[in-house]
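This is what each chain is made of:
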Amino acid sequence: MKIEQLNVTIGELCEGYFNDAEEGVVGYDERLDIRPKYQREFVYKDAQRDEVIRTVRKGLPLNVMYWCRTGEDSYEVLDGQQRTISVCEYVDGSFSVDDKYFYNLPSDQKQQILNYELFVYVCDGTDSEKLDWFRIINIAGEQLTDQELRNAVYAGSWTSDAKRYFSKTGCAAGTLAGDYLKGASIRQEYLETAILWAASAQGLTIEAYMAQHQFDPSAVQLWNYFRSVIDWVQAIFPKTRKEMKGLPWGLLYNAHGQRTDLDPKKLELEIQRLLGDEDVTRKSGIYEYLLTGDERKLSIRAFDRRDAQAAYERQGHNCAICGETFDFEEMHADHIQPWSKGGHTTPDNCQMLCRDCNLKKGAQ
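This is a predicted model, so every value here is computed, not measured.

Caption draft 1: Structural detail: the overall build of the chain. Assigned secondary structure in the chain consists of 16 helices and nine strands. The globule rule puts the C-alpha radius of gyration for 364 residues at 21 Å, and the 29 Å found for the chain is more than 25% above it. Along the longest, intermediate and shortest principal axes, the C-alpha atoms of the chain span 95 × 45 × 40 Å. For the chain, the residues scored as buried account for 45% of the 364 residues in total. Nonlocal contacts in the chain, meaning residues at least 24 apart in sequence, comprise 62% of its contacts between residues at least 6 apart. Per element, the accessible surface of the chain, about 18400 Å² overall, is 47% carbon and sulfur.

Here it is as structure tokens:
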């Protein structure tokens, strides 16, 4: 890892400053991506922003800022984005502090601000070195998400285009699949989800997938894959419900997307039945259960202690299968007729089994 200090004045930083709500923020003679396209919007409160300007006007030091090198003479802000935007917006005349805009200040005070030197560290190194270092310094202020850190490490044409689909407010991914995704697009959570799904289909990590595609001219392949996932979900589960939000749809698509035995009408009837089943305590697990058959996704309601104690006494403290005597705490409450075969979590369907017999029965 190579880390070097860069001497940058506010005046130099503000050269070529441009701020667009969605298209990003640049400065330093357009060599610095202050906020890349479609990354999260400005989040400093007015009081924080104003304190940055007061600190500069008093000639006091601001905290260290970190940039990463993206080219021979180009950079991206890793840490210090809000402080950078604050000083640039002030010099640009966008707000006043203590009833004084930058253009209202005496010339000597203006020059003092423009000559103020920022404490900037620039880092360069391998992808893994940068990720490790970025996580270490990401400990204060408005912390970056894991995906925002990855975006800095794997900055390039592919990442910029991927943000167009997944990271902007009102982005295409949100319009198409907002009912199925959790998180916020501007915090890169939609993008992270899409990459995770696509990477998993190829047996890759998110980092490996981004490294593989970093310099692709566009992210249309990722977008087409994502659309395929959502098209599949909407085809087999046409009725949208709140329980569908945030499920690992891409991972389910990777495993089950080519199946021909999934009947949307039959699946809908099962969903309605399971939604009405009081023993199913995790309704959002219904969809994964219908695809995988894994009852654990449903969190079937367990017998309460009162029903278990009554069954224990009824059995004379003996296991219902092996007949051996055990303390109550050594036994497990079990459905006599399994839930999958129509049994319910009711007192008359409860039996007490020792640990070994319960495990054997569960494995059958």
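Caption draft 2: Local environment of the sheet that holds strand E6 (residues 74-79). Strand order in the open sheet formed by seven strands is E1-E7-E5-E6-E4-E3-E2, with mixed pairing between adjacent strands. Sheet topology places strand E1 (2-9) and strand E2 (18-20) at the edges, where each strand pairs with a single neighbour. Averaged over all neighbouring strand pairs, the angle between strand axes comes to 30 degrees, with direction disregarded. Taken together, the three bridges between E2 and strand E3 (residues 24-27) define a ladder with antiparallel strand orientation. Within the sheet, the bridge partner assigned to aspartate 20 lies in E3 and is glycine 24. Of the strands in this sheet, E2, E3, strand E4 (32-35), strand E5 (65-71) and E6 are in contact with helix H3 (residues 81-91), which crosses E4 at around 100 degrees.

Caption draft 3: Local environment of the nonpolar core. Residues Phe134, Phe166, Leu222, Phe226, Trp232, Phe237 and Trp249 are the most contacted members of the largest nonpolar core, which totals 59 residues. Discounting residues that sit within four places of it in the chain, tryptophan 249 has contacts with Tyr180, Trp197, Val229, Trp232, Val233, Phe237, Met244 and Tyr287. Counting 32 residues, the second largest nonpolar core, distinct from the first, contains Val8, Ile53, Val77 and Phe102.

Caption draft 4: The packing of aromatic side chains, seen in detail. Within this structure, the stated rule accounts for 23 aromatic pairs. Between tyrosine 165 and tryptophan 223, the ring centres sit 5.0 Å apart and the planes meet at 10 degrees, which makes this aromatic pair stacked. Residue tyrosine 165 is found in helix H7 (residues 157-166), and its partner tryptophan 223 is found in helix H11 (residues 220-236); the two are separated by 58 residues along the sequence. Both rings, one in tryptophan 249 and one in tyrosine 287, keep their centres 5.8 Å apart while their planes meet at 70 degrees; by these two values the pair is edge-to-face. Note that tryptophan 249 is positioned in helix H12 (residues 249-256) and tyrosine 287 in helix H14 (residues 286-292), a separation of 38 residues in sequence. Under the relative-accessibility criterion, tyrosine 287 is labelled buried at 2%.

Caption draft 5: Summary view of the pairing of strand E9 (residues 350-354). With five of five residues buried, E9 lies mostly within the body of the structure. Side-chain alternation along E9 places Cys350, Met352 and Cys354 on one buried face and Gln351 and Leu353 on a second face that is also buried. By the bridge criterion, five bridges tie strand E8 (residues 331-335) to E9 in an arrangement that is antiparallel. Paired with alanine 333 across the bridge in E9 is methionine 352.

Caption draft 6: Main features of the packing of helix H6 (residues 146-153) against helix H10 (residues 206-213). Closest axis-to-axis distance for the H6/H10 pair is 11 Å, and the angle between their directions is 30 degrees. Classified by the interaxial angle, the pair formed by H6 and H10 is roughly parallel. For the pair H6 and H10, the crossing hand works out as right-handed. Across the interface between the two elements, Gln147, Arg150 and Asn151 of H6 pack against Ile206, Glu207 and Met210 of H10.

Caption draft 7: Region of interest: the pairing of E3. Residues Gly24 and Val26 line one face of E3 and the alternating positions Val25 and Gly27 line the opposite face, and both faces are buried. Sheet topology places E3 next to E4; three bridges connect them, and they run antiparallel. Following the sheet pairing, glycine 27 is matched in E4 by leucine 32. Adjacent in sequence and paired antiparallel, E3 and E4 are bridged by four residues, among which tyrosine 28 carries a positive phi angle near 55 degrees.

What counts, and where the lines are drawn
- Residues numbered from 1 in each chain as written.
- Predicted model: local features only at pLDDT ≥ 70, side-chain atom pairs only at ≥ 80, totals over all residues.
- Heavy atoms only, no water.
- Helix = DSSP H or I, 4+ residues; strand = E, 2+ residues; numbered from the N terminus.
- Rg over C-alpha atoms; globule rule 2.2 N^0.38 Å.
- Buried < 20%, exposed > 50% of the residue type's maximum accessible area, 1.4 Å probe, protein only.
- Contact = heavy atoms within 4.5 Å.
- Areas by Shrake-Rupley, 256 points an atom, 1.4 Å probe, with all protein chains shown as cover.
- Pairing = 2+ DSSP bridges.
- Axes fitted to C-alpha atoms, helices over the stretch in contact; angles between N-to-C directions.
- Core = buried A, V, L, I, M, F, W, Y, C linked by side-chain atoms within 4.5 Å.
- Phe/Tyr/Trp six-rings, centres within 6.5 Å; stacked < 30°, edge-to-face > 60°.
- Parallel < 35°, antiparallel > 145°, perpendicular 65-115°, else oblique.
- Left-handed = near helix turned anticlockwise from the far one by under 90°.

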